[in-house]
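The residues making up each chain are set out below.
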Amino acid sequence: MNKSFWQSGHRPTLIAAFLYFDVAFMVWVLLGPLAPIISKDLGLSPAEKGLMVAVPTLAGAVLRLVNGMLVDKVGPKKTGAIGQLIVIFGLLTGWFFGVHSFEGTLAIGVVLGFAGASFAVALPLASRWYGPEHQGKAMGIAGMGNSGTVFAALFAPVLAKMFGWNAVLGLACIPLTIVFAIYMAIAKDAPNPPEPKRLFAYLEVLKHQDAWWFMLFYGVTFGGFVGLSSSLSIYFTDTFALTPIAAGYCTAACVFAGSLVRPIGGAVADRIGGIKALTCVYLLAAVTLVGISTGPKSLVLSLALFLLVMATLGFGNGAVFQLVPQRFRKELGIMTGLVGFGGGVGGFYLASSLGIAKQLTGSTQYGFLIFAGLAVIALVGLTSVKKRWRTTWGAAIVGVRI
């Protein structure tokens, strides 16, 4: 991070965006590390387990579209405040009345989707304060809030063992409330926001082919990251008979790797261009996912492969959002929602497909293989558009690499 970056923008807002994103992500994937305990308590099938951890991802994807529109209409700070209050109230309600059925876990999953929708708030909240030359770094730091999934993996199983898994819903409200107070105190909307648009005007952006490409690209990088974050505890307990706490530690290590490199991905993309960075990401991710699909019998080898693929996908998350603000700066709120929607759909697909594959074939092999195929499709798509990008909108941005 060079000096000019820290002197530009609004540092308190960047910090607030990170903290908000961090605790939001912590609760968004909360059902993942709790899944082995919940499924045993409620007697869930592999497909039901997969759907349970996937619903928050899908709900978050849909709600990101809503948040993307609200950000451009009422500003990111107000939008984020509304979402945080809904999550806190919803979790307190679930804790107070208790969750006693599979359908109840799905209802909690929808509530947690509001936390996942924080993506469409935190990134424009931070990004609007920074110029094009600092987008990768600003988005990377704010986006590093996905490290909150580490806390969920580390502490949720331990707390569930101590107090019961339903109590974890109420305990999660403590950090959520603290961060909400900090957020309201120091976050500030950037001056000169884009002019609010009519609802149907937001659909105009979908007429641009590039919008669909970005949704696909993020559907692979972020979708893979969040889908695995929600599913790895189940994978480690089912495959290697680990305890929920041990599986949580393994999951936390993988998630930490992916979160740590996200800002690095943004910074590297600022330097060499997002296209080059993503080319390497999709190639390495595809190869690693194929390796995972073979079902290594060694826990050490399996963990190493998941660490590698999560780091690769996390790096790619930062690289994608080095490019998005360059192409759609005036529509950043809705594009953040749309691209986040693509990422959420990718995560829902991966998490649910692993459960379905396990139930139908007794193995998650085909779920991983198909997602590896999606990484290859993204690589082919990136290769097909890179020349046009560099010679059209990329050429118009002086001094910024794409």
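Residues numbered from 1 in each chain as written. Predicted model: local features only at pLDDT ≥ 70, side-chain atom pairs only at ≥ 80, totals over all residues. Heavy atoms only, no water.

Participant: Looking at this model, I keep getting lost on the overall build of the protein chain. Mind explaining?
Facilitator: Along the backbone of the protein chain there are 18 helices and zero strands. Whereas a compact globule of 402 residues would reach a radius of gyration of roughly 21 Å, the protein chain reaches 20 Å, a difference of no more than 12%. Reported as C-alpha extents along the three principal axes, the dimensions of the protein chain are approximately 55 × 45 × 40 Å. By the burial criterion, 58% of the 402 residues in the protein chain qualify as buried. Nonlocal contacts in the protein chain, meaning residues at least 24 apart in sequence, comprise 87% of its contacts between residues at least 6 apart. Summed over its atoms, the accessible surface of the protein chain is roughly 15,400 Å², and 71% of this surface lies on carbon and sulfur atoms. Averaging the coordinates of the 28 positive side-chain charges in the protein chain and doing the same for the 13 negative ones gives two points 8 Å apart. (Helix = DSSP H or I, 4+ residues; strand = E, 2+ residues; numbered from the N terminus. Rg over C-alpha atoms; globule rule 2.2 N^0.38 Å. Buried < 20%, exposed > 50% of the residue type's maximum accessible area, 1.4 Å probe, protein only. Contact = heavy atoms within 4.5 Å. Areas by Shrake-Rupley, 256 points an atom, 1.4 Å probe, with all protein chains shown as cover. Lys, Arg positive; Asp, Glu negative; His and termini not counted. Charge placed at Lys NZ, Arg CZ, Asp CG, Glu CD.)

Participant: Looking at this structure, how should I read unusual backbone geometry?
Facilitator: Positive phi values are uncommon outside glycine, yet Ala 241 reaches one of about 55°. With respect to the helices, strands and loops of the structure, Ala 241 is situated in the loop between α12 (209–240) and α13 (244–260).

Participant: Whenever I open this one, the pattern of salt bridges confuses me. Can you help?
Facilitator: Once the charged atoms of two side chains with opposite charge are near each other, the side chains can pair. This model, assessed by the stated rule, comprises four salt bridges. Note that Lys 207 is salt-bridged to Glu 204, the shortest N-O span being 3.2 Å. For Asp 210, the salt bridge goes to Arg 327, with nearest N and O atoms at 2.7 Å. Pair noted here: Asp 210 is in helix α12 and Arg 327 is in helix α16 (residues 299–327), with a separation of 117 residues, a long-range link. (Salt bridge = Lys/Arg side-chain N within 4 Å of Asp/Glu carboxyl O.)

Participant: Hey, could you run me through helix α6 (residues 102–116) in this one?
Facilitator: Structural remark: α-helix, 3.6 residues per turn; residues separated by three or four positions point the same way. The terminal C-alpha atoms of α6, which comprises 15 residues, lie 21 Å apart, in line with the 21 Å expected from a rise of 1.5 Å per residue. Summarising the contacts, the buried residues of α6 are in contact with α2 (11–28), α3 (31–42), α4 (46–74), α5 (76–97), α7 (119–127) and α10 (165–171). (Expected span 1.5 Å × (residues − 1).)

Participant: Help me understand the environment of His 10, please; the structure alone is not making it clear to me.
Facilitator: Considering the arrangement of structural elements, one finds His 10 in the loop between α1 (3–7) and α2. C-alpha separation for the pair His 10 and Pro 296, spaced 286 residues apart in sequence, amounts to 47 Å. With near-sequence residues (within four places) excluded, His 10 lies in contact with Trp 129, Tyr 130, Ile 186 and Lys 188. At a separation of 2.6 Å, a polar atom in the side chain of His 10 contacts the side chain of Thr 13. (Polar contact = N/O pair within 3.5 Å; in protein donor to acceptor, adjacent residues only side chain to side chain.)

Participant: Could you clarify how one ought to interpret the packing of aromatic side chains in this entry?
Facilitator: Think of a pair of aromatic rings as described by two things: how far the centres are apart, and how the planes are tilted against each other in angle. Considering all chains together, one arrives at 26 aromatic pairs under this definition. Both rings, one in Tyr 235 and one in Phe 368, keep their centres 5.9 Å apart while their planes meet at 85°; by these two values the pair is edge-to-face. In this pair, Tyr 235 is assigned in helix α12 and Phe 368 in helix α18 (residues 365–391), connecting sequence segments 133 residues apart. Looking at Tyr 235, the relative accessible area reads 9%, which means it is buried. Site record: aromatic cluster; members linked through ring pairs are Phe 21, Phe 25, Trp 28, Phe 119, Tyr 218, Phe 222, Phe 225 and Phe 321. (Phe/Tyr/Trp six-rings, centres within 6.5 Å; stacked < 30°, edge-to-face > 60°.)

Participant: Is there a simple way to think about the nonpolar core in this case?
Facilitator: Nonpolar side chains tend toward joint burial in soluble globular proteins. Grouped together as the largest cluster of nonpolar side chains are 123 residues, with contacts concentrated most on Phe 214, Tyr 282, Phe 306 and Trp 389. Leave out the neighbours within four places in its chain, and Phe 306 touches Leu 228, Leu 232, Tyr 235, Phe 236, Cys 254, Ile 292 and Phe 368. (Core = buried A, V, L, I, M, F, W, Y, C linked by side-chain atoms within 4.5 Å.)

Participant: Mind showing me how you'd approach the packing of α13 against α16 here?
Facilitator: How two helices sit against one another is set out by the angle between their axes and by the gap between those axes. At a minimum axis separation of 7 Å, α13 and α16 run at an interaxial angle of 30°. With respect to α16, the axis of α13 lies roughly parallel. Taken as a pair, α13 and α16 cross one another with a handedness that is right-handed. Residue-level inspection shows Cys 250, Ala 253, Cys 254, Val 255, Ala 257 and Gly 258 of α13 in contact with α16, the latter providing Leu 303, Phe 306, Leu 307, Met 310, Ala 311 and Gly 314. (Axes fitted to C-alpha atoms, helices over the stretch in contact; angles between N-to-C directions. Parallel < 35°, antiparallel > 145°, perpendicular 65-115°, else oblique. Left-handed = near helix turned anticlockwise from the far one by under 90°.)

Participant: Explain a nonpolar patch on the surface to me, please; I cannot follow it from the model alone.
Facilitator: Together, Met 162, Phe 163, Leu 171, Ile 174, Ile 178 and Ile 182 make up an exposed nonpolar region whose accessible area comes to about 560 Å². The set of elements that each furnish at least two residues to the nonpolar patch consists of α9 (148–163) and α11 (173–186). Considering every element that reaches the nonpolar patch, the biggest residue donor is α11, with three residues. Positionally, Ile 178 belongs in helix α11. (Patch = residues over 30% accessible without salt bridge, like charges linked within 9 Å, V, L, I, M, F, W, Y side chains within 5 Å.)

Participant: Looking at this structure, I do not really get the side chain of Thr 312. What am I missing?
Facilitator: Here Thr 312 lies in helix α16. Of the residues examined, Thr 312 reaches a relative accessible area of 7% and is grouped as buried. If we skip the residues at most four places from it in the chain, Thr 312 touches Val 281, Leu 284 and Ala 285.

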